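# Summary of the model geometry
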Amino acid sequence: MSDLEKFRRETRAWLEANCPPEMRRPMTSEADTFWGGRNAKFSSEPQRVWFERMRDKGWTVPHWPTEYGGGGLDAEQTKIVRQEMAAIGARQPLVSFGISMLGPALLKYGTDAQKKEHLPKITAGLIRWCQGYSEPNAGSDLASLQTRAESDGDDYVINGQKIWTSYANYADWIFCLVRTDPTAKKHDGISFILFDMTSKGVSTKPILLISGYSPFCETFFDNVRVPKSHVVGTVNRGWDVAKYLLQHERAMISGMGERGVGRPLGQVATDSVGSDEQGRLEDAMLRGQIATFEIDEAALAAAAERAVDLAKAGQAHPAFSSAMKYYGTELNKRRHEILMSAGGVDALEWESERSRGGARPRAWLRTKANSIEGGTSEVMLGIVAKRILDLPGA
Amino acid sequence: MALVLNEEQSMLRDSARGLISDKAPVSHLRQLRDAKDATGFSRELWKAFAEMGFSGLLVPENFGGSGLGCVEAGIVMEEIGRTLMPSPFLSTAVLAASALSRGGSDAQKSQYLPKISDGSLLAALAIDEGAKHRPLQTRLQAVRSGNGFRLSGDKAFVVDGHVADLLIVAARSAGKAGEREGLTLFLVDPKTKGIATERTAMVDSHNAARIVFDNVEVNADGVLGEVDQGHGLLDGVLNIGRGAVASEMVGLSEEVFGRTVTYLKERKQFGKLIGEFQALQHRAAQLYIEIEITRAAVLKALQTLDGDFANAAAAVAVAKARAGATATQAVQEGVQMHGGMGMTDQFDIGFFMKRARVCQELFGDANFHADQLARMKSY
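Residues numbered from 1 in each chain as written. Chains lettered and ligands numbered in written order. Predicted model: local features only at pLDDT ≥ 70, side-chain atom pairs only at ≥ 80, totals over all residues. Heavy atoms only, no water.

## What to know about the overall build of chain A
A tally of helices and strands in chain A yields 12 helices and eight strands. In terms of overall dimensions, chain A is globule-like: its C-alpha atoms have a radius of gyration of 22 Å, near the 21 Å expected for 394 residues. In chain A, buried positions account for 51% of the 394 residues. Within chain A, counting contacts between residues at least 6 apart in sequence, those at least 24 apart form 70% of the total. Of the charged side chains in chain A, 50 are positive and 50 negative, and the gap between their average positions amounts to 2 Å. (Helix = DSSP H or I, 4+ residues; strand = E, 2+ residues; numbered from the N terminus. Rg over C-alpha atoms; globule rule 2.2 N^0.38 Å. Buried < 20%, exposed > 50% of the residue type's maximum accessible area, 1.4 Å probe, protein only. Contact = heavy atoms within 4.5 Å. Lys, Arg positive; Asp, Glu negative; His and termini not counted. Charge placed at Lys NZ, Arg CZ, Asp CG, Glu CD.)

Here is the structure:
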């Protein structure tokens, strides 16, 4: 038996023994996600058990080095862990912007001190992060951000406003883009800085969305003092860090459809629509839509797997995450349109026990942001056109 | 297994691409078409294919082949798709070689496989009877007679049927149209009395034939696999063929797309390169993404055929459906973005459009495979 086969067998056995049955069922609401942080609460005992076992094994982030609380696994082993988790429908034990966004940027650009300070807290779920990128009036033109950081001794003094800051009201720390040189060209005067959300002068205000939720906030900085040692990478070269992080963010968002996967769409639809005497979904047009969707979903899963393998083989195009982000988010919107269609009138209920507080329509509305956040679909297509296809710039 | 080609596979791709782009660019197909060539492909080139070992890719080593897998066959098919080279690779090296090595007796394998491998025998698979691909609807009758059978009925869309030295024919030996049970595969010499073959000139200038069987006698030793139980064998062989055709469509899509992007960078209108227009940039980017996702799905299917054959049907359905839809989009955008030029016969792009249409129909179009997938998933 090869080492990898042995590893797969051990992984399977460990997951079988350690993943509580409750954590193998599809998530039904936001509360099923554990985000970690100073004020983190588990929504159930199995959620706590599952998180702690995975944390102790280093598998909240299997591929990070063990010195930071990761599993120290290589790409092949990480893939096996993912596959075996997927095979039993195991939930992610910890969902965190620290893992999916900040961590990769710190690993590449952070100082030793910064890595030692922040990465272990991320893998252990002790600190919850938010992202201070977008600003009012900037939107997709991210680099036109105006939040200023002025030098004052060993500190920067930060003033400005961010918007669409996901979960800023729950976050402990922020990774933030600030303008450190207002005279430089727009991409050249930006720095990437980390600070505590309890710092004096930081305030947040949730933004109510069409889904009735407020996952996003407005975030205000009023003379916030931050030590200069909290800058990641080179001062005024924060755009490099930002871009690198965005690739990871886009990869994460493109995978959002998969995370929600529970029962196959065809089965969900059969539950509410019913089937004919030959076992086919009663609504032939819907059946066709679902089958076409599932074909595209399976193809995207193959593409995501291939993207990882290409990266490992050193053949990946750095802008490919934009392609995946575009396709993954458009597909996720399609999934939720079909879910609404399959649910019919039942999927329209907004506030009732039966509808779990309108979980389905709220999730449907939430997906409409997928093709806007982390760079709009149009921005992604522009990146592919220019950076991959090398089409002439306007 | 990683979803990328390994070193040996990359080398195979390079050598296939070298030979095909050198000896059989699109102009090769154009010449054969214009000359109304009776064979429809170059036998000389097929000999070169055999010398390179391509014709025996899927033939086991003990029968003179190289015993490689579906990924390797897909690599050659993709290169064929780039230049639309007409060749019996699909009919003989992929379909017949698979059918014989998977279902043949030792005697049948010894008789045919070495000849497939050395390029001296051409074979064709005769499945479809109606306008659409519906293998279970096979009606061609196989009636027991003496120690063998008599075949009666019609086959259409038999790829390379007009030049084949051996036909592999799906027939109904029991049951009725629509049933899985009762199908049998037969090895038939096309020169047998009662067979009438008509070459059908198709839109893409590739080869296919209509074949009429009128009380054609076949001995018991002409049965490939088991009597009445041919469906499993046929379905497996068709899945290999579907994976191969999906690969051809990936090659075709990528070639058309490459030509289109080049054109976007050269052609000026309204005082600008047309590739500067965002409307076209976004459509080009969308198409690129579709092709990349399809490429991954097709490689996944081919790897599954090699690694987990019994469970490959869903991955194959995904690959064939995706490839058909993507190729359709690629050729449509190709013609549209080339404008009026794309509509002329003088320009190559129309050849790709025609071939894509044929590949879409071959072994089930996107709708057929979506329906298959829904059935597999019980809805």
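Now that the structure has been shown, the text picks up again.
## Some remarks on the UniProt feature "domain: Acyl-CoA oxidase/dehydrogenase middle" (unreviewed entry) in chain A
Residues annotated by UniProt as "domain: Acyl-CoA oxidase/dehydrogenase middle" (unreviewed entry) correspond here to residues 130-224 of chain A. Secondary structure within residues 130-224 of chain A divides into 0% helix and 52% strand; the distance between the first and last C-alpha atoms comes to 16 Å. (UniProt positions renumbered as here; feature names shortened; annotations may be inferred.)

## Observations concerning the packing of aromatic side chains
Residues and elements named next belong to chain A. A full pass over the atoms with the stated rule returns 22 aromatic pairs over all chains. Where Trp 164 meets Phe 216, the ring centres are 5.8 Å apart and the plane angle is 85°; that geometry is what we call edge-to-face. Taken as a pair, Trp 164 in strand β3 (residues 155-166) and Phe 216 in strand β7 (residues 216-227) lie far apart in primary sequence, 52 residues in all. Relative accessible area serves as the criterion here: at 6%, Phe 216 is assigned to the buried category. Cluster of aromatic residues (ring-pair linked, three or more members): Trp 129, Tyr 133, Trp 173, Phe 175 and Phe 192. Of note, Arg 362 hangs over the ring of Tyr 213, and the distance from its end group to the ring centre comes to 5.6 Å. Its guanidinium or amino end placed over the ring of Trp 350, Arg 362 lies 3.9 Å from that ring's centre, counting from NZ or CZ. (Phe/Tyr/Trp six-rings, centres within 6.5 Å; stacked < 30°, edge-to-face > 60°. Lys NZ or Arg CZ within 6 Å of the ring centre and 35° of its normal.)

## Some words on the confidence of the model for chain B
In this model, chain B carries an average pLDDT of 97, and 100% of its residues clear a pLDDT of 70 or more. Predicted complex, confidence summary: ipTM 0.95, pTM 0.90. (pLDDT = per-residue confidence, 0-100.)

## Focus on the interface of chain A and chain B
Taken residue by residue, the interface counts 40 residues in chain A and 37 residues in chain B. The junction of chain A with chain B conceals about 3,400 Å² of combined surface from both sides, 66% of it contributed by carbon and sulfur atoms. Looking only at chain A, the three residues that lose the most surface to chain B are Ile295(A), Arg306(A) and Leu389(A), adding up to 19% of its buried area. Linking chain A with chain B are four salt bridges. On inspection of chain A and its partner chain B, the count reaches 16 residue pairs in polar contact (both at pLDDT 80 or more). Contributions of two or more residues to the side of chain A that touches chain B are made by α8 (265-273), α9 (284-312), α10 (320-343) and α12 (377-388) of chain A. The element that contributes the greatest number of residues to the side of chain A that touches chain B is α9(A), accounting for 16 residues. In terms of residue class, the side of chain A that touches chain B is built from 22 nonpolar, seven polar and 11 charged. (Buried area = accessible area lost by both parts, 1.4 Å probe. Salt bridge = Lys/Arg side-chain N within 4 Å of Asp/Glu carboxyl O. Polar contact = N/O pair within 3.5 Å; in protein donor to acceptor, adjacent residues only side chain to side chain. Nonpolar A, V, L, I, M, F, W, Y, C, P; charged D, E, K, R; others polar.)

## Brief notes about the UniProt feature "domain: Acyl-CoA dehydrogenase/oxidase N-terminal" (unreviewed entry) in chain B
Sites flagged by UniProt as "domain: Acyl-CoA dehydrogenase/oxidase N-terminal" (unreviewed entry) map to residues 6-119 of chain B. End-to-end, the C-alpha atoms of residues 6-119 of chain B are 27 Å apart, and along that stretch the chain is 67% helix and 0% strand.

## Focus: the pattern of salt bridges
All names here are of chain A. As enumerated under the stated definition, the model contains 58 salt bridges over all chains in all. Lys 79 serves as the salt-bridge partner of Asp 309, at 2.8 Å between the closest nitrogen and oxygen. Separated by 230 residues along the polypeptide, Asp 309 in helix α9 and Lys 79 in helix α3 (residues 75-87) bring together distant segments of the chain. Residue classification places Lys 79 among the buried residues on the basis of a relative accessible area of 10%.

## Quick look at the nonpolar core
In terms of nonpolar packing, the biggest core is built from 140 residues, with Phe49(B), Phe89(B), Leu90(B), Tyr288(B) and Ile289(B) touching the most fellow members. It is helix α7 (residues 230-266) of chain B that contributes the most residues to this core, 16 residues altogether. Those residues in contact with Tyr288(B), other than ones at most four positions away along the chain, are Phe320(A), Ala323(A), Val384(A), Ile388(A), Leu389(A) and Phe257(B). Of all hydrophobic cores here, the second largest spans 37 residues; its members include Ile99(A), Trp129(A), Trp239(A) and Ile253(A). (Core = buried A, V, L, I, M, F, W, Y, C linked by side-chain atoms within 4.5 Å.)

## Thoughts on the packing of α9(A) against helix α8 (residues 278-307) of chain B
Between α9(A) and α8(B), whose axes approach to 8 Å, the crossing angle comes to 90°. Comparing their axes, α8(B) and α9(A) come out roughly perpendicular. Across the interface between the two elements, Ala299(A), Leu300(A), Ala302(A), Ala303(A), Glu305(A) and Arg306(A) of α9(A) pack against Ile293(B), Arg295(B), Ala296(B), Ala297(B), Leu299(B) and Lys300(B) of α8(B). Taken together, the residues of the contact of α9(A) with α8(B) sort by class into eight nonpolar, no polar and four charged. (Axes fitted to C-alpha atoms, helices over the stretch in contact; angles between N-to-C directions. Parallel < 35°, antiparallel > 145°, perpendicular 65-115°, else oblique.)

## Focus: the environment of Glu378(A)
As for its placement among the helices and strands, Glu378(A) is situated in helix α12. As for Glu378(A) and Tyr326(A), which are separated by 52 residues in sequence, their C-alpha atoms are 8.4 Å apart.

## Some details on the packing of α8(B) against helix α9 (residues 313-338) of chain B
Residues and elements named next belong to chain B. Interhelical geometry of α8 versus α9 gives an angle of 155° and a closest axis separation of 9 Å. The angle between the axes of α8 and α9 places the two elements in the roughly antiparallel class. Handedness of the crossing formed by α8 with α9: left-handed. Per-class residue counts for the contact of α8 with α9 are 16 nonpolar, five polar and four charged. (Left-handed = near helix turned anticlockwise from the far one by under 90°.)

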